[in-house]
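Report on the structure
As a plain string of letters, each chain reads:
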Amino acid sequence: MDMTGKEIVLGVTGGIAAYKSADLVSRLRHMGAHVHVIMTKNATEFIAPMTFQTLSNHPVSVDTFAAPEYWNVEHVALAKLADLFVVAPATANFLAKMAAGIADDMLTTTVLATKAPVLLAPAMNTGMWTAEATRQNVETLKKRGVLFIGPDSGMLACGDEGAGRMSEPAEIAGRIGEILQKKNDMAGLRVLVTAGATRERLDPVRFLSNDSSGKMGFALAEAARDRGAEVTVVKGNTTAEVTQRIRIIGIESAEDLLKAMMEEAPKQDIIIQAAAVADYRPAETAREKIKKKSGEPLVLRLEENPDVAKEIGRIKKESQTLVGFAAETNQVTEHAKEKMKKKNLDMIVANDVTKPGAGFNTDTNIATIITKDGMEEQPLQTKIQLANTILDRILFLRKG
Ligand code: PMT
């Protein structure tokens with residue numbers, strides 16, 4: 001991977017994993033990056049600044065108030081210089097300070113000032129990682145667009161076993177490469193994504209729904225945003241987090257989805273329908289909670305929902321690209337191809353939801369991308385990786 005000329009600021013905080021960051025610096029330098037290390041005072045208890053100075057061939061900053069040796073301007077120079085800001089290891093204390101906007105040393109001051117993307121590689125004891133305070137800090141940072149890698153699970157330095165080990169330097173270097181080589185090939189495109197599960201009300205407290213978490217839809221939305229697109233998500237019920245710089249329209253039922261999509265679709269260049277939409281809804285929605293009648297079965301009458309994708313297919317413009325998903329349990333590609341035709345789609349992504357690691361509520365997926373020109377198997381991979389491949393194929397289709 002070529003990182004020639006890229007400026008990477010590496011924050012090192014006080015944890016035993018700090019020694020691994022020396023290897024990270026070497027790897028980044030081999031790839032051509034300029035690395036500037038900022039250490040917290042605690043980090044210097046684990047590894048000497050001289051190690052980083054020697055490996056990076058740059059001065060190491062520790063104290064905000066020390067007279068600048070090499071830098072001819074104040075600490076924000078590093079914040080401005082960075083193409084990417086990485087903190088590895090990032091301790092629980094650092095995550096808490098960053099989430100709260102505390103700037104009380106060189107590292108926290110610089111990371112607060114930077115406009116560069118920030119990647120954190122947390123490392124800490126499992127109990128600290130799973131503590132509610134840390135969970136909330138991580139969520140806060142993610143919502144602000146901060147990127148994370150790891151932590152991995154395994155035997156920790158303290159003797160505990162579980163999540164908390166810093167990701168390996170090779171993995172972190174790989175992720176840094178991906179971020180730095182980010183494409184901007186969707187700039188100027190408007191992308192509409194549907195995500196999550198619809199809910200069809202039986203009564204005020206009950207509904208019919210499914211297991212969709214919205215992870216696949218949000219992975220597509222984030223990938224498109226990161227590639228420069230202007231993204232809108234129409235979302236049903238999701239557990240996936242709503243992230244920055246994505247317009248969100250919340251819906252509950254398939255009828256709501258249809259209404260929102262008929263309004264939004266005509267304004268879009270690319271429409272990707274990853275939501276799991278109920279095909280049927282209760283024929284009646286009770287106004288009051290349905291009461292139990294012992295000994296008697298409760299019979300529900302269901303009526304068909306609108307097929308939203310089909311309706312959008314009907315009003316599709318020549319310039320638009322329509323993509324659907326198919327969640328199948330048998331004859332996966334055959335059923336998906338039928339749906340592609342019936343709904344006037346340009347592409348359908350078929351996932352066999354019976355396979356471990358594929359489909360609903362997982363961070364990974366296994367899929368077949370189908371277009372009029374053929375099929376392409378996509379093996380087990382993260383939803384964000386699959387999302388980027390789907391976007392690559394959509395752009396290829398649009399080239400004509
Ligand atoms: O959300 P996750 O937990 O990450 O899970 C991802 C996923 C499994 C939900 C996703 O990858 C997926 O497969 N989504 C489509 C699920 C589905 O309902 O498939 P389907 O075969 O029933 O529908 C085919 C297409 O028509 C889909 O694009 C669907 O959005 C659309 N549809 C279906 C029914 C309906 N009444 N209206 C629709 O628009």
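Residues numbered from 1 in each chain as written. Predicted model: local features only at pLDDT ≥ 70, side-chain atom pairs only at ≥ 80, totals over all residues. Heavy atoms only, no water.

1. Quick word on the domain arrangement of the protein
- You can read the domains of the protein as domain 1 (7-180) and domain 2 (190-399).
- The distance between the C-alpha centroids of domain 1 and domain 2 comes to 37 Å. (Domains from an automatic or database assignment.)

2. What about a nonpolar patch on the surface?
- On the surface, Tyr280, Leu298, Leu300 and Leu302 cluster together into a nonpolar patch covering about 400 Å² of accessible area.
- Accessibility expressed as a relative area gives 60% for Leu298, which makes it exposed. (Patch = residues over 30% accessible without salt bridge, like charges linked within 9 Å, V, L, I, M, F, W, Y side chains within 5 Å. Areas by Shrake-Rupley, 256 points an atom, 1.4 Å probe, with all protein chains shown as cover. Salt bridge = Lys/Arg side-chain N within 4 Å of Asp/Glu carboxyl O. Buried < 20%, exposed > 50% of the residue type's maximum accessible area, 1.4 Å probe, protein only.)

3. What to know about the site of the ligand
- Neighbouring the ligand are 28 residues; Ser212, Ser213, Lys339, Asn351 and Asn361 lie closest to it.
- A distance of 3.4 Å separates an oxygen atom of the ligand from a polar atom in the backbone of Ala327.
- Coverage of the ligand by the protein chains reaches 96% of its 770 Å² of free accessible surface.
- Broken down by secondary-structure element, the contributors of at least two residues to the shell around the ligand are α9 (215-226), α11 (308-314) and β16 (321-328).
- Of the residues that constitute the shell around the ligand, the class distribution is 13 nonpolar, nine polar and six charged. (Near = heavy atom within 4 Å. Polar contact = N/O pair within 3.5 Å; in protein donor to acceptor, adjacent residues only side chain to side chain. Helix = DSSP H or I, 4+ residues; strand = E, 2+ residues; numbered from the N terminus. Nonpolar A, V, L, I, M, F, W, Y, C, P; charged D, E, K, R; others polar.)

4. Describing unusual backbone geometry
- Residue Pro89 follows Ala88 across a cis peptide bond; omega there is -5°.
- Within the element layout of this structure, Pro89 appears in strand β3 (residues 84-90).
- Even without being a glycine, Gln331 presents a positive backbone phi close to 40°.
- For Asn361, which is not glycine, the phi torsion reads 55° and is therefore positive.

5. Brief notes about the sheet that holds strand β19 (residues 374-382)
- Read across the open sheet, the eight strands follow the order β12-β11-β8-β13-β16-β17-β18-β19; overall the sheet is mixed. The open sheet has two edge strands, β12 (247-250) and β19, and neither has a second partner. Ignoring strand direction, the axes of neighbouring strands in this sheet form an average angle of 20°.
- Sheet topology note: the strand β13 (residues 270-273)/β16 ladder contains four bridges and is parallel. Opposite Gln273, over in β16, you have Gly324 as the bridge partner.
- Docked against the sheet, helix α12 (residues 332-342) engages β16, β17 (347-352), β18 (364-371) and β19, running at close to 150° with respect to β17. (Pairing = 2+ DSSP bridges. Axes fitted to C-alpha atoms, helices over the stretch in contact; angles between N-to-C directions. Contact = heavy atoms within 4.5 Å.)

6. Quick look at the packing of aromatic side chains
- In the structure shown here, the tally under the stated rule is zero aromatic pairs.
- One cation-aromatic arrangement involves Arg135 over Trp129; the distance from NZ or CZ to the ring centre is 4.4 Å. (Phe/Tyr/Trp six-rings, centres within 6.5 Å; stacked < 30°, edge-to-face > 60°. Lys NZ or Arg CZ within 6 Å of the ring centre and 35° of its normal.)

7. Concerning α12
- Buried within α12 are the following residues: Val332, Thr333, Ala336 and Met340. Angularly, the buried residues of α12 cover 80° about the axis, an arc narrow enough to put them on a single face. Structural note: α12 exposes Glu338 and Lys341 on the side pointing more than 90 degrees away from its buried face.
- In this structure, the buried residues of α12 make contact with β16, β17, β18 and β19.
- Directly beyond the C-terminal end of α12, a positive phi value near 60° is found at Asn344. (Arc of directions from axis to C-beta.)

8. Considering the nonpolar core
- Grouped together as the largest cluster of nonpolar side chains are 32 residues, with contacts concentrated most on Met186, Val191, Leu220, Val231, Ile272 and Ile390.
- Put simply, the parts of the chain that give this core at least two residues each are β8 (190-195), α9, β11 (230-235), β13, β16, β17, β18 and α13 (383-399).
- It is α9 that provides the largest number of residues to this core, a total of seven residues.
- If sequence neighbours within four positions are ignored, Val231 has contacts with Val191, Val193, Ala221, Ala224, Arg225, Ile246 and Arg247. (Core = buried A, V, L, I, M, F, W, Y, C linked by side-chain atoms within 4.5 Å.)

9. Points about the side chain of Thr13
- Relative to the helices and strands, Thr13 is located in the loop between β1 (7-12) and α1 (20-30).
- With a relative accessible area of 1%, Thr13 lands in the buried category.
- Within the structure, Thr13 has its side chain in polar contact with the backbone oxygen of Pro89 (distance 2.5 Å).
- There is a polar contact of 3.1 Å between the side chain of Thr13 and the backbone nitrogen of Thr91.

10. Describing the sheet that holds strand β2 (residues 34-39)
- Read across the open sheet, the five strands follow the order β2-β1-β3-β4-β5; overall the sheet is parallel. At either end of the open sheet lies a strand with only one pairing partner, and these are β2 and β5 (147-148).
- Across the sheet, helix α5 (residues 106-113) lies against β1, β2, β3 and β4 (118-122), angled at about 140° from β3, the strand it touches most.

11. Notes on the environment of Gly357
- Counting through the fold element by element, Gly357 comes out in the loop between β17 and β18.
- Along the backbone, Gly357 and Leu380 are 23 residues apart, and their C-alpha atoms lie at a distance of 6.9 Å.
- Contacts of Gly357, omitting those with residues within four sequence positions, involve Thr362, Thr364, Asn365, Ile366 and Leu380.

12. Some remarks on α5
- Burial analysis of α5 places six of its eight residues in the buried class, which makes it a mostly covered element.
- Contact partners of the buried residues in α5: β1, β2, α3 (76-81), β3, α4 (92-100) and β4.

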